[in-house]
Amino acid sequence: MSSSVIPVITIDGPAGSGKGTIARQLAAILSYHYLDSGALYRALALQSQEQNIKPDDCESLLALCQKMNVRFGVSAPDKSNISQEHVSVYLNDREVMEELRTEDCAARASQLASQPKVREALLNKQRSFRKAPGLVAEGRDMGTVVFPDAESKFFLTASPKERALRRQKQLKKQGISASLGPLLTDIETRDSRDQNRKVSPLRPATDALLVDSTELSIEQVVNRIAEVVRGRH
Ligand code: C5P
């Protein structure tokens, strides 16, 4: 099968919109491959920090991108309940999920992601996840830039307050207590950087279906999306 005929479902949206959880469940339901593109930016952020590479040292960052190998592992007993804890991310065969999830790593990833050359270097890496029988790809520019020919595109939103609350709950589960104010500020800062960068800003593809998850459960969103996808098959 040539890669361009392998179906891709893209799920884009801001931090905390629920796209990760939804993309993972959808991939499991459809038995498709899964790409968390944010994890690639985070992996680059982690590795560059470990190697003391400055965020503006483009040449070293590009060399790092070339050598970086990221793969995902999902091990969940129940396809309808796959949380972050069921996903492993291997960076050059080292499991790094916990390190990637920190706010610090997210902020550094967002900083690197605003550099056009870094985005370009990660483009082919992201496209290499397109394998039969299909791919669910989540991120910020999956439908607009990385897979513009995807067969189904979704853009998830939720109010900033709801997204900060979700993040607070997630941290609490990990035993970390965080106040809402700083989480909200982090989310708004990241949104603004992602929406206003010159290359691949966060925005819905013109052919994406918008889904506001503020008042919907994960299950309701997954069902809605799965219904649309099945209707297209
Ligand atoms: O999705 P996640 O929060 O893991 O992404 C971390 C950061 O990586 C985002 O804030 C964004 O700046 C960047 N990113 C991006 N394009 C993507 C995925 C993530 O710019 N497709």
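Residues numbered from 1 in each chain as written. Predicted model: local features only at pLDDT ≥ 70, side-chain atom pairs only at ≥ 80, totals over all residues. Heavy atoms only, no water.

A. Layout of the sheet that holds strand β4 (residues 87-91). Across the sheet, which stays open at both edges, the three strands sit in the order β3-β4-β5 with antiparallel pairing between neighbours. Only two strands of the sheet have a single neighbouring strand rather than two, namely β3 (70-74) and β5 (94-95). Two strands pair when backbone bridges link them, and β3 and β4 are joined in this way by five bridges, in the antiparallel orientation. Along β4, the bridge assignment pairs phenylalanine 72 with valine 89. (Pairing = 2+ DSSP bridges. Helix = DSSP H or I, 4+ residues; strand = E, 2+ residues; numbered from the N terminus.)

B. Structural detail: the site of the ligand. The full set close to the ligand counts 16 residues, and Arg42, Arg119, Arg140, Arg190 and Asp194 are the nearest of them. Within the side chain of arginine 140, one N or O atom sits 2.8 Å away from an oxygen atom of the ligand. Contact between the ligand and aspartate 194: an oxygen atom at 2.7 Å from a side-chain N or O atom of the residue. Across the complex, the protein chains shield 97% of the 450 Å² of accessible surface that the ligand would expose by itself. Only α2 (37-50), α5 (103-113) and α9 (180-196) provide two or more residues apiece to the shell around the ligand. Counting residues per element, the shell around the ligand draws most heavily on α2, which supplies four residues. Per-class residue counts for the shell around the ligand are four nonpolar, four polar and eight charged. (Near = heavy atom within 4 Å. Polar contact = N/O pair within 3.5 Å; in protein donor to acceptor, adjacent residues only side chain to side chain. Areas by Shrake-Rupley, 256 points an atom, 1.4 Å probe, with all protein chains shown as cover. Nonpolar A, V, L, I, M, F, W, Y, C, P; charged D, E, K, R; others polar.)

C. Examining the pairing of strand β1 (residues 8-12) more closely. Judged by how many residues are buried, β1 sits mostly within the fold: five of five residues are covered. Pairing geometry for β1 and strand β7 (residues 152-157), over four bridges, is parallel. Its bridge partner lying in β7, threonine 10 is registered against lysine 153. (Buried < 20%, exposed > 50% of the residue type's maximum accessible area, 1.4 Å probe, protein only.)

D. Here's a closer look at the pattern of salt bridges. In the structure shown here, the tally under the stated rule is 12 salt bridges. Measuring nitrogen to oxygen at the nearest pair gives 3.5 Å for the salt bridge that ties arginine 101 to aspartate 36. Within this pair, whereas arginine 101 is found in the loop between α4 (97-100) and α5, its partner aspartate 36 is found in strand β2 (residues 33-36), the two being separated by 65 residues in sequence. Accessibility expressed as a relative area gives 8% for aspartate 36, which makes it buried. The partner of arginine 71 in a salt bridge is aspartate 93, with the nearest N and O atoms 3.1 Å apart. (Salt bridge = Lys/Arg side-chain N within 4 Å of Asp/Glu carboxyl O.)

E. Region of the structure containing helix α8 (residues 160-173). With 14 residues, α8 extends 20 Å from end C-alpha to end C-alpha; this agrees with the ideal 20 Å at 1.5 Å per step. Taken together, the buried positions of α8 are occupied by Arg163, Ala164, Arg167 and Leu171. Angular distribution of buried residues about the axis of α8 spans 100 degrees; they occupy a single face of the element. Projecting away from the buried face of α8 at angles above 90 degrees are the exposed residues Lys161, Lys169, Lys172 and Lys173. Where α8 is buried, its residues contact α5 and α9. Looking one or two residues beyond α8, the residue adopting positive phi is glycine 175, at roughly 80 degrees. (Expected span 1.5 Å × (residues − 1). Arc of directions from axis to C-beta. Contact = heavy atoms within 4.5 Å.)

F. Spotlight on the sheet that holds strand β8 (residues 209-212). Across the sheet, which stays open at both edges, the five strands sit in the order β2-β6-β1-β7-β8 with parallel pairing between neighbours. Strands with a single pairing partner mark the edges of an open sheet, and in this sheet they are β2 and β8. Pairwise comparison of adjacent strand axes, ignoring direction, gives a mean angle of 20 degrees for this sheet. Sheet topology places β1 next to strand β6 (residues 135-139); five bridges connect them, and they run parallel. (Axes fitted to C-alpha atoms, helices over the stretch in contact; angles between N-to-C directions.)

G. Region of the structure containing the packing of aromatic side chains. Evaluation of the coordinates by the stated rule reveals two aromatic pairs. Centroid distance phenylalanine 72 to phenylalanine 129: 5.7 Å. Interplanar angle 50 degrees. Geometry classified as tilted. Of this pair, phenylalanine 72 sits in strand β3 while phenylalanine 129 is found in the loop between α6 (116-127) and β6, placing the two residues 57 residues apart along the sequence. Every member of this aromatic cluster is reached through a ring pair, and the members are Tyr34, Phe72 and Phe129. (Phe/Tyr/Trp six-rings, centres within 6.5 Å; stacked < 30°, edge-to-face > 60°.)

H. Inspection of the side chain of serine 37 at higher detail. Mapped onto the secondary structure, serine 37 falls in helix α2. Serine 37 gets classed as buried once you look at its relative accessible area, which sits at 3%. With residues near it in sequence (within four places) discarded, serine 37 still touches Gln126, Glu138, Gly139, Arg140 and Met142.

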